[in-house]
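Coordinate analysis (summary)
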Amino acid sequence: MGTKPGLQVADPFTAPCSLLPMFIRIGADKPAVGLLCISIRVRFMTSHPSKSSIPHISHLRCLICGKEYAPDQVRYVCPDHGHEGILDVVYDYERIAQHISPQSLAANADPTIWRYKPLLPVPADAPTPPLTVGGTPLYAAPRLAARLGLTHVWVKDDGRQPTASFKDRASAIAIVKAWEANAEVITTASTGNAAAALSGLAASVGATTVIFVPASAPQAKIAQLLTFGSTVMLVEGSYDDAFELCLQAADAFGWYNRNTGFNPYMSEGKKTVSYEICEQLHWSAPDVVFVSVGDGCIIGGVYKGFYDLLQLGWIDHMPRIIGVQAEGSNYLAEAWKKGEDVLTKPPIQAHTVADSISAGLPRDRIKAMRAVRESRGAFVTVSDEEILLAIPELAQSTGVFAEPAGAAAYAGLRKAVALGLVSTEERIVVINTGSGLKDVASAMRAADLVGSKAIHIPPTLEAVREALSD
Ligand SMILES: Cc1ncc(COP(=O)(O)O)c(C=O)c1O
Ligand SMILES: [Zn+2]
C-alpha cells in the first residue's frame, strides 16, 4: 500500500515506452478495424499472474446454482446457464485484514480506488492505469435536505470521474483484468458511459478497444469514444441488441469482454464507492443510499462494498439501498414489487429520457435484487418529467450538474420522501453517477421545463438594464 499509481517505475502502463523495452505499447499504431480480427500483435505484458497471485480471493460463486470456481477456472460466467450465470467474488477477509485497516488508510495519501487494492480482485503488484479514478467528493447538502424536510443528506458526485461517470470505477478494473488475461483487444457494449470509461482508461495505457453502443446514444458519449480512439460500432438497435452483438463478437474474435452483468469483476470496481462514502463519513455508515438502476451492476457494487466493510467489522450496519428506476425502464422495480423471478421474467421494452438506465433486460439483475433484498431497501420509479425536473433542482441546491440517470437518484429520494420510505433524521446519501455535460440536450429540456431561459440582448448596458427591469 501507499505507492501512488502512475509513479511506479516498473509500471508498464505508465512508464515511458523507452524505459521498458520488454513491454510494447499499443494504441498509437493501432491496427485498422479489419486487422482487429487477426490474432497477432502485441501483448499487454509477457506473463500471466497465477491464481496464487490473488490469494485474498477465496473463490468465485455462481449466484444461480451456488457452484464454486477458482478464479483461473472460469473467466466470466458459470458455464451451466448460458450467459446468465453471473459470478460473485468471494474474499478471504481474514487475509485482507492483515493488509489494510482504517488506520493504514488514514496514512495512505493515494486518493484513487487503488488505496483499497487489498480489497480488489487484482494481485498486490498489479500495475494500474494512471488516470485518477475514485476519490470523488461527498458533499453535505443542507439546502437540498431542507427542501425535502430532511436533516442529513450528502451527494456523492461521480460526475467528477476522469471520463465523467461512475463507470470509470469498473473500467479501471477491466484494464487490469485484461492485462491478466493477456488480452489484445478489450470490448464492451454500453448505453454510453461504460464505453466512454473503457475507452478513456484504455487510451491512458495505449490499449485497443472495440465498442458497441446504440446508435441513439447521446453525442457527447459518442464523441468521447471517437476522441479516445476506440473502434466504435453504432448499433442500429437497442442497448440489449448491442449487448448480444458484443457477446458474439468477443466470442468470435477472442477479445476480452467488459460487459456489465457478464464480467464478474465490474461490480468489484463499483463497490469502491461504498468504501469511499464510509471513509468520508469516518466509518459511520449512512442509513440510506439512493442510486439509479439500469442493468443493476452499480447497485450490486454498492451493496458489495458495504458487505465487505461489515465482514471486516469497519462499519456496524448495512445501509438500506434504494434503487431508482425510470417508469419506462422498470424491470427490476416491477419484479421486486410483484415478487417475480428475474431468471424467468421476460424482457420489457425500455424507453426513458435517462438513456443510461434504459435496459429492457437488466444484465446484473441477480446482484441488483440481492442488493435491495439483503439491505432491506426498496425500488422506486420516477417519471421522465420527474427526472428532468430533478436536474435543475439538484444543480441549484448543490452545484452538482447531473445527467438524467444521475439526477434520477435524487428524483428517487424525492419520491421516497413522499412514500414515507425515509425518515427525517436519517443519514442519506444520493449518488450522482454521471455529469450533466454527458447529455446537454436533456439539460436544456430540463431548464426549459422550469422556465430557465437565457436573455438575448444587444451588447449595450442599456439592454442589460431593460432586461433586468422586465
Ligand atoms: C450515469 C449512469 N447512471 C446509472 C447507471 C446504471 O448503472 P447500472 O446499469 O449498473 O444499473 C449507468 C449505467 O450506464 C450510468 O451510466
Ligand atoms: Zn451456476
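What counts as what
- Residues numbered from 1 in each chain as written.
- Chains lettered and ligands numbered in written order.
- Predicted model: local features only at pLDDT ≥ 70, side-chain atom pairs only at ≥ 80, totals over all residues.
- Near = placed C-beta within 6 Å.
- Helix = DSSP H or I, 4+ residues; strand = E, 2+ residues; numbered from the N terminus.
- Nonpolar A, V, L, I, M, F, W, Y, C, P; charged D, E, K, R; others polar.
- Domains from an automatic or database assignment.
- Axes fitted to C-alpha atoms, helices over the stretch in contact; angles between N-to-C directions.
- Parallel < 35°, antiparallel > 145°, perpendicular 65-115°, else oblique.
- Left-handed = near helix turned anticlockwise from the far one by under 90°.
- Contact = placed C-beta atoms within 7 Å.
- pLDDT = per-residue confidence, 0-100.
- Buried ≥ 20, exposed ≤ 12 C-beta atoms within 10 Å, placed from the backbone.
- Arc of directions from axis to C-beta.
- Pairing = 2+ DSSP bridges.
- Right-handed = clockwise from strand over helix to strand, strands pointing away.

Looking now at the site of ligand 1. With respect to spatial proximity, 22 residues lie near ligand 1, and among them Asn193, Gly294, Cys297, Thr433 and Gly434 are the closest. Secondary-structure elements contributing two or more residues to the shell around ligand 1 are α5 (193-205), α10 (297-312) and α14 (404-419). In terms of residue count, α10 provides more of the shell around ligand 1 than any other element does, three residues in total. Partitioned by chemical class, the residues of the shell around ligand 1 number eight nonpolar, eleven polar and three charged. Viewed by domain, the shell around ligand 1 spans two of them, domain 1 (17-109 + 166-257) and domain 2 (138-164 + 267-449), each represented by three or more residues.

A few words now on unusual backbone geometry. The backbone of Trp283 sits at a positive phi, close to 60°, despite the residue not being glycine. With respect to the helices and strands, Trp283 occurs in the loop between α9 (272-280) and β10 (288-292). Unusually for a residue other than glycine, Arg376 sits at a positive phi of about 55°. If you trace the backbone, Arg376 turns up in the loop between α12 (365-374) and β12 (378-382).

Between helix α11 (residues 331-338) and α12, the least distance of the axes is 11 Å, while the angle of their chain directions is 50°. As far as their axial angle goes, α12 and α11 are oblique. Here α11 runs over α12; the crossing is right-handed. Across the interface between the two elements, Leu332, Ala335 and Trp336 of α11 pack against Arg365, Ala368, Met369 and Val372 of α12.

Time to look at the confidence of the model for the protein. Across the protein, the average pLDDT comes to 90, with 89% of residues at 70 or higher. Confidence over residues 1-51 falls short of pLDDT 50; this stretch has 76 contacts with residues more than four positions distant or in other chains.

Quick look at helix α15 (residues 440-449) now. Every buried residue belonging to α15 is among Ser442, Ala443 and Ala446, and all of these are buried. Across the axial projection of α15, the buried residues extend over an arc of 100°, all falling on one side. Away from its buried face, by an angle of more than 90 degrees, α15 presents the exposed residues Ala441, Met444 and Asp448. Tucked into the core, α15 has its buried residues touching α13 (384-398) and α14. Just downstream of α15, Gly451 is the residue with a positive phi angle, here 75°.

In spatial order, the strands read β4-β5-β13-β10-β11-β12; together these six strands make up an open sheet with mixed pairing. Looking at the sheet topology across the chains shown, the edges are occupied by β4 (138-140) and β12. The sheet shows a mean angle of 25° between the axes of neighbouring strands, taken without regard to direction. Looking at chain direction, strand β11 (residues 320-326) and β12 are connected through five bridges and run parallel. For Gln325, the partnering residue across the bridge sits in β12 and is Thr381.

Let us look at the pairing of strand β8 (residues 231-235). Consecutive side chains along a regular strand alternate between the two faces of the sheet. Sheet topology note: the strand β7 (residues 208-214)/β8 ladder contains five bridges and is parallel. Counted as the bridge partner of Phe212 is Met233 from β8. Note on the crossover from β7 through helix α6 (residues 219-228) to β8: the handedness is right-handed.

The residue Val342 is located in the loop between α11 and α12 in this model. Expressed as a C-alpha distance, the spacing of Val342 and Leu332, which sit ten residues apart in the sequence, is 7.9 Å. Here Val342 is in contact with Ala335, Arg365, Ile366 and Met369, once residues within four sequence places are set aside.

Let us now look at the pairing of strand β6 (residues 185-189). The buried fraction of β6 amounts to five of the five residues, a majority that puts the element mostly inside the structure. Of the two faces of β6, both are covered, the one formed by Val185, Thr187 and Ala189 as well as the one formed by Ile186 and Thr188. Pairing analysis gives five bridges linking β6 to β7, with the strands arranged parallel. Along β7, the bridge assignment pairs Ile186 with Thr209. Remark: the β6/α5/β7 crossover connection has right-handed handedness.

A few words now on the packing of α10 against α12. In contact at an axis separation of 7 Å, α10 and α12 are set at 45° when each is read in the N-to-C sense. Between α10 and α12, the angle is such that the two are oblique. Here the hand of the crossing between α10 and α12 comes out left-handed. Along the contact surface, α10 presents Cys297, Ile299, Gly300, Val302 and Tyr303, while α12 presents Lys367, Ala368, Arg370, Ala371 and Glu374. Of the residues in the contact of α10 with α12, the class split is six nonpolar, one polar and three charged.

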